[in-house]
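What follows is the residue order along each chain.
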Amino acid sequence: MRPRTLRLTAFGPYKDTLTLDFDDLGDHGLFLMHGPTGAGKTTLLDAMSFALYGDASGGEREMRELRSDLAPDSAVARVEFEFTLGADRFRIERTPTQIRPGKKTPQQHAASIWRVGTGEPALLATGVREVDSCVYDLLGLKSEQFRQVVVLPQGQFRALLTASSQEREDILRALFDTAAFLRLEEKLKEASAQAQADVDRNERELQGVLNAYGVDTLLALEDRVTRQEEAVNTATTRERTAREAWEAARAAQDLANAEATLFEQYDDAVRQERAVAASASERDERARRLEAGRRAAQVASADGQRRRLLDDLVGIESSHQSADEAHRAAQGRREAARNALNTEEGRNAERAAAAGRRDELRGLGHQVKRYEDVAQTLARYEEDRRAIEGRRARSAAALNELNLDALGREFTQADETARTLPQLQDQLSRTRQLKDSRQRFDDVQQDLLRAVTAEDKASRAAQDAELNWMEARDAHTKLRRHFLTQQAGLLAEELTPGAPCRVCGSTDHPAPASRSPEAPTQADVDAAEQTEEAAATAFRRAETLKQTAHAARRGLDGTLGELRAQLGSTADQPMSTLQAELNDLQNAVKAAERAAGAAQSLKEAYDAALEQAEQLRLTLSEQETEHTRLSGLIESFQAQRAGLAQLLPPGVHSTSSLNDLITQAEGELQALVTAFENARSVLEGALQDETTALNALNGVAGELKAQRAAAQQVQAAFEEALATAGFSSEAAYQQASLPEDHLRHLADQVAADSSAVTQVRDRLAQTQRAVDGRTRPDVGAAHQAFEAADITRTEAIKAAQDARNALASWKGGVKKITDLEIQHADRTMASQRLIALAKAARGTTGQRVSFHRYVLGTFLDEVLELASHRLREMSRHRYELRRADDGKGGLELEVFDHYTSRARSAKSLSGGESFQAALSLALGLAEVVQQQAGGRYLETVFIDEGFGSLDPQALDLALDCLMDLQSSGRLVGVVSHVQELQQHIQARLEVTAGHGGSAAQFVVS
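Cut-offs and rules
- Residues numbered from 1 in each chain as written.
- Predicted model: local features only at pLDDT ≥ 70, side-chain atom pairs only at ≥ 80, totals over all residues.
- Heavy atoms only, no water.
- Helix = DSSP H or I, 4+ residues; strand = E, 2+ residues; numbered from the N terminus.
- Expected span 1.5 Å × (residues − 1).
- Buried < 20%, exposed > 50% of the residue type's maximum accessible area, 1.4 Å probe, protein only.
- Contact = heavy atoms within 4.5 Å.
- Pairing = 2+ DSSP bridges.
- Salt bridge = Lys/Arg side-chain N within 4 Å of Asp/Glu carboxyl O.
- Axes fitted to C-alpha atoms, helices over the stretch in contact; angles between N-to-C directions.
- Parallel < 35°, antiparallel > 145°, perpendicular 65-115°, else oblique.
- Left-handed = near helix turned anticlockwise from the far one by under 90°.
- Nonpolar A, V, L, I, M, F, W, Y, C, P; charged D, E, K, R; others polar.

Participant: How should I be thinking about helix 8 (residues 280-296) in this particular structure?
Facilitator: Side chains of residues three or four places apart in an α-helix project in the same direction, reflecting 3.6 residues per turn. Here helix 8 is 17 residues long and its end C-alpha atoms lie 25 Å apart, about the 24 Å a rise of 1.5 Å per residue gives. Those residues of helix 8 lying buried are Arg283, Arg286, Leu290, Ala292, Gly293 and Ala296. Buried positions along helix 8 lie against helix 7 (218-278), helix 9 (300-345), helix 18 (730-736) and helix 19 (740-771).

Participant: Which parts of the structure should I look at to understand the pairing of strand 14 (residues 987-994)?
Facilitator: Sheet faces and side chains relate simply in a regular strand, where the side chains alternate between the two faces. The pairing of strand 3 (residues 30-34) with strand 14 spans four bridges and is parallel. The residue of strand 14 that forms the bridge with Met33 is Leu989. In the sheet, strand 14 pairs with strand 15 (residues 997-1004) via eight bridges, with the strands oriented antiparallel. By the bridge assignment, Glu990 is partnered in strand 15 with Gln1001. Counting the residues that bridge the hairpin from strand 14 to strand 15 gives two residues.

Participant: Mind showing me how you'd approach the pattern of salt bridges here?
Facilitator: Between side chains of opposite charge, a pair can form when the charged atoms approach closely. Summed over the entire model, instances satisfying the criterion amount to 35 salt bridges. A salt bridge links Asp897 to Arg878; the shortest N-O distance between them is 2.8 Å. You can see Asp897 sitting in strand 10 (residues 893-897) and its partner Arg878 sitting in the loop between helix 21 (851-874) and strand 9 (879-883), a full 19 residues away along the chain. Judged by relative accessible area, Arg878 falls into the partly exposed class, the value being 22%. Salt bridges sharing partners connect three or more residues here, namely Glu239, Arg243 and Arg804.

Participant: What's the story with the sheet that holds strand 11 (residues 902-905) in this structure? I'm lost.
Facilitator: In a beta sheet, neighbouring strands pair by backbone hydrogen bonds and run either parallel or antiparallel. Spatially, the three strands line up as an open sheet ordered 9-10-11, and their pairing is antiparallel. The two strands at the open ends of the sheet, each matched to only one other strand, are strand 9 and strand 11. The mean angle between the axes of side-by-side strands here comes to 35 degrees, regardless of whether they run parallel or antiparallel. In terms of strand pairing, strand 10 meets strand 11 through four bridges, oriented antiparallel. By the bridge assignment for strand 11, Val895 is matched with Arg904. Against the sheet, helix 21 engages strand 9 and strand 10, with an angle of about 175 degrees to strand 9.

Participant: I tried to follow the sheet that holds strand 1 (residues 2-11) on my own but got confused; where do I start?
Facilitator: The antiparallel open sheet is built from six strands, whose spatial order is 2-1-4-5-6-7. A single partner strand is all that each edge strand has here, and the edge strands are strand 2 (14-21) and strand 7 (122-126). Each strand axis lies, on average, 15 degrees off the axis of its neighbour in the sheet, ignoring direction. Examined bridge by bridge, strand 1 and strand 2 share six bridges and lie antiparallel to one another. Looking across to strand 2, one finds that Leu6 is bridged to Leu20.

Participant: Before we go on, may I ask you to explain helix 11 (residues 365-401) in this structure?
Facilitator: With 37 residues, helix 11 extends 54 Å from end C-alpha to end C-alpha; this agrees with the ideal 54 Å at 1.5 Å per step. Among the residues of helix 11, those classed as buried are Val368, Tyr371, Glu372, Val374, Thr377, Leu378, Tyr381, Ile388 and Ser395. Where helix 11 ends, the next residue or the one after it, Asn403, has phi of about 50 degrees, a positive value.

Participant: Explain the packing of helix 7 against helix 19 to me, please; I cannot follow it from the model alone.
Facilitator: Packed helices, taken two at a time, are described by the angle their axes make and the gap between the axes. One way to put it is that helix 7 packs onto helix 19 with a least axis distance of 8 Å and a crossing angle of 150 degrees. With respect to each other, helix 7 and helix 19 are oriented roughly antiparallel. Remark: the crossing between helix 7 and helix 19 carries left-handed chirality. Mapping the contact onto sequence places Leu262, Phe263, Gln265, Tyr266, Asp268, Ala269, Val270, Gln272, Glu273 and Val276 in helix 7 and Val757, Val760, Arg763, Leu764, Thr767, Gln768 and Val771 in helix 19. Counted by class, the contact of helix 7 with helix 19 contains ten nonpolar, four polar and three charged residues.

Participant: What exactly am I supposed to notice about unusual backbone geometry here?
Facilitator: As a rule of thumb, non-glycine residues mostly have phi less than zero, and peptide bonds are mostly trans rather than cis. One non-glycine residue, Ala10, adopts positive backbone phi at about 50 degrees. The topology assignment puts Ala10 in strand 1. Residue Arg876 is not a glycine yet carries a positive backbone phi of 60 degrees. Tracing the chain through its elements places Arg876 in the loop between helix 21 and strand 9.

Structure (C-alpha cells):
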C-alpha cells in the first residue's frame, strides 16, 4: 500500500480543505514530517488511519473529536484518501460522526470506496461495515495490525519492548490473531473431558449389563450359555414327545365326538316325532280357523259398505251439533258487544280530560327550551373548569418532576469532583514514575543475583582453567625433557652402515645408542605444546570473563544503591501495594474526568430546569385565575337552572322529556278514542256472525235427514249376506273374520304343518339306520385324556421356549458385553490420546508450554531475528534482542550485550538505546505481520517521534537503517520536530500552525 493523495476537510487543526499529493516526493522514498509540537503532524496519520479503518492512528481520539473546532458551521469533516496496491489504485472517502454548530441531530459515520484509474471510477462498497470489510480484504490487516505495520503511533511502538510478558502476549495475540489456537486448546480440553466421560459411561454400562445377568465376568456368562444349550436340547426332546402324545389324544377325542353326534341326532329325531304327535290337535284347530275365515271373507264387502255409510252418518250428526253450538255462541257474543259499547259511550268525560292535558303540555315548550340553554352553558363551563384543573395538575406534576434540588446537588457534586482532576493527575504521574523506578529496582536486583552467580561461575571457571593450564604446562615440560633424553637413540636409528653420522661425521658406528620404546616423538611434543597454548588461551579468556563479570556485578551494585536511595522505604514495599495504589488513582482520575465531562452538561440541564420551572409557575398562576372565573360563572348558572326547574313538571328538564310526556298524553287520548271505535266495530261483527251461524245450522239439518234413510237400506243388505254365508249372527261373523294377511299366514301354517310331519318321520328313519350296530362312546373320558395331553404339551412348549429365551438372552448378553468391552478398549485408547494431546496443548506436561504460547513464541522469534539484524547495525554490533529462556516458553525479552558477553533486561537500556531497540523491534514486527497477512507488500511505513533521544552517531545509524528501507522500495515517513533531521532528509512535509488553523505542504530540496 502506497499513499498517493490525501485530502482532508475540517479535520483536526485543518479547518479548510488540505490536499497532499505524495507523488510530489518524486524519487525520494524517505521524507520528514516536520513542524512545531501540536501543529498537526500526527493528525495527518490519523486522517489516513481514519480513512481506512474509521479510527485514529493512536486509537486515543474519539470520532466526535475529529471535526475541527475552527471550521465554519457549514463545513462537514471529511477525509479522501487515494492509495495504490500493486498496479491497482483506490479512493476511499469517510466522514466521522459529528454534530455541527447549530444542529441538534448528529451526522452519522459514512464511508465509500472506489477503484479508480483511467476510466470511470468503480464503486466497490458503501456503508461503514461494507467498506471496513473491503479494506480488510485488500490490505489483509486489521486496524491494530495496520498501526503496528504501517503507522507506528507516537510513543506506542515502544510498548512491545517494555511490556510485561502478559502484556506482550496480549499484543501478539491481537496482531497475529491467534485466538484460533486458544479455541483449539479449549476444544481439545472439552474433547478429552467428553472422551473420558464416554469411557466412564461405557464402564458403568458394562457393569450394569454384568449386574443384570448376575455375573462378574464375560467368561462366567459364556459358561452359563454352554450349560443352557444342553438344557435347551433336553427341553426340545420333551416338547417333541408331548406334541406326539397330544396329536394321538386329539384324534381319539375327535372320534368319540363324531360317534356321540350320531347318537345325539337319533335322540333329537325321537324327540321331534313325539312332539309332532303331541301337537296334532293344534294342527286341526288351525285348519278349522282357516275354513271359517274363508267364509267370513265372502261377507266382508257388504260389511264394509255398511260401515262406511254409518261413519258418514256419525260425521253429519257431529256437524249438526257443532253448527247449533256456533249459533248459540254468536248470540252470546252479540250481547257482550252491545254491553261493551254501552260502557264506552259512558267515558266521554274521560276523553275530554285527556285532550285538555295534552294541550297544556304543548304550551310548555318555550320554558323547556330556556332550561336547556342554561343547562348546556353550565355544562360547558363545568367542562372548561375540569380541563383547567387537569392542566393545572399536569403543570404541578411537571414542576415536581424537574427535581431542581437533586439536579443542583448533582451539579455541585460533579463540579467539586472535577476540581480535583489536576491534583489527581499529578499524583497519578508521580505514582507511575515511582512504580517504574520500583520495577527497575526489582529488575536490577534480579540482574544482580544473576551477576553474582555469573561472577562466581566465572571465578570457578577461571580457577579450573588455571589448573588445566598449569597441568598442561607441566605435562609439556616433562614430555620435552623425556624427548631430549631420547635424542641419542633417535639419531642412532637414523645411522646407516658406511654413511657418516650427522653429529660426529664418522662412518664407523661400533656401539650405537638405543631408544626406549616409550620415548615420545616430535609430534607428541608438538601436540603437548599446542595443548598448553590452548589451556593458556582458555585461562586468559576465563580470567577476562571473570573480570568482566566482576565489573558488571560492581556496576549493578552501584545502580541498585542509587535506586534504593531514590526509592527510600518504597524499595521494600511489595509491587502489589504500588499497583493497588496506582489502580485506585487511575480509577479516581477516570471518575474525575467523567465528572468534568458531566459538570457542564449538568450545569446546562440545571439552568434549563430553572427556566422551565419559572415558566411552569407562571402557567400555574394563569390557570388558577381562569379556574376562579369559571367557578363564579358555574354558581350563577346553577341558580338559574334551579329557578327554571321549579316552573316545570317533575322530570321535565328537556325538550325530549316534554315530548315524551306529550306523546304519552296523546297516547292515552288515542287509547280512549280507539276503545270506543273498537266497541262499536265489535258489535257490528257480532251481529253479522249470528246471521251466518243460523244459515249454516239450517243447511246441516237437511243433509242429516237424507243420510239416515240411506243407512237403513244398507243394513238390510248386510243381514242378507250373513245368512247366505252360514253365520247365525253378526257376532259369529266378527269372530270368524280375519284380516287378509292373517288369512294368508294361516294357510301357510296349515301347509307347513303337513310338510313338517313328513320331514320328522323321514329323519327318524334315517338316524335309526345310522346308529344301528354302534355303542354309545365315553366322550368325557376322551376329553379328559386330551386335556391332560394338552397340559403336558403346553408345559413342555413353555419350558422349551423359556429355555430358548434364556439362551437367546444370555447369548445377547455375551454379544452386548463383548461389544462393550471392544468399545471400552477403543474409547480408552482414544481418550488417552486426547487427554495426552490436550495436556500437551495446555502446557501441563513436558516443558509446560501451551500450544498457543508456543505459537506466539515462534512468531516472536521470527520478529526478534529480523529486529536483531537491524539493532546490530544501529548499535555498532553491540546489541541483539533475544527471548529470555525461563524454561517455560515465556515471552520476556532481554538484550544480549556483546561488549560484556551477557544478557540483561531490555528495560535497562538507556533512552537512545531503548529507541533503537524499539524501532528495530517495530520494523521486524511489521515485516512478520505483513508476511502473515498473506504476503501483501505494504510499501509504506510512518514513524511518529522518538529520534530526539538519540545522540548524533546513533541518529546517523538509525537514518542508515531507514535509508535501507527506502532503498528496498518503501516510502518511509518520519514524524519529528528534531531540527538535525532537516540536514539529513532532503524531502519534507512541513506543517505550520497559526491562529486560523494549520497548513501543510511538501518541500523537496
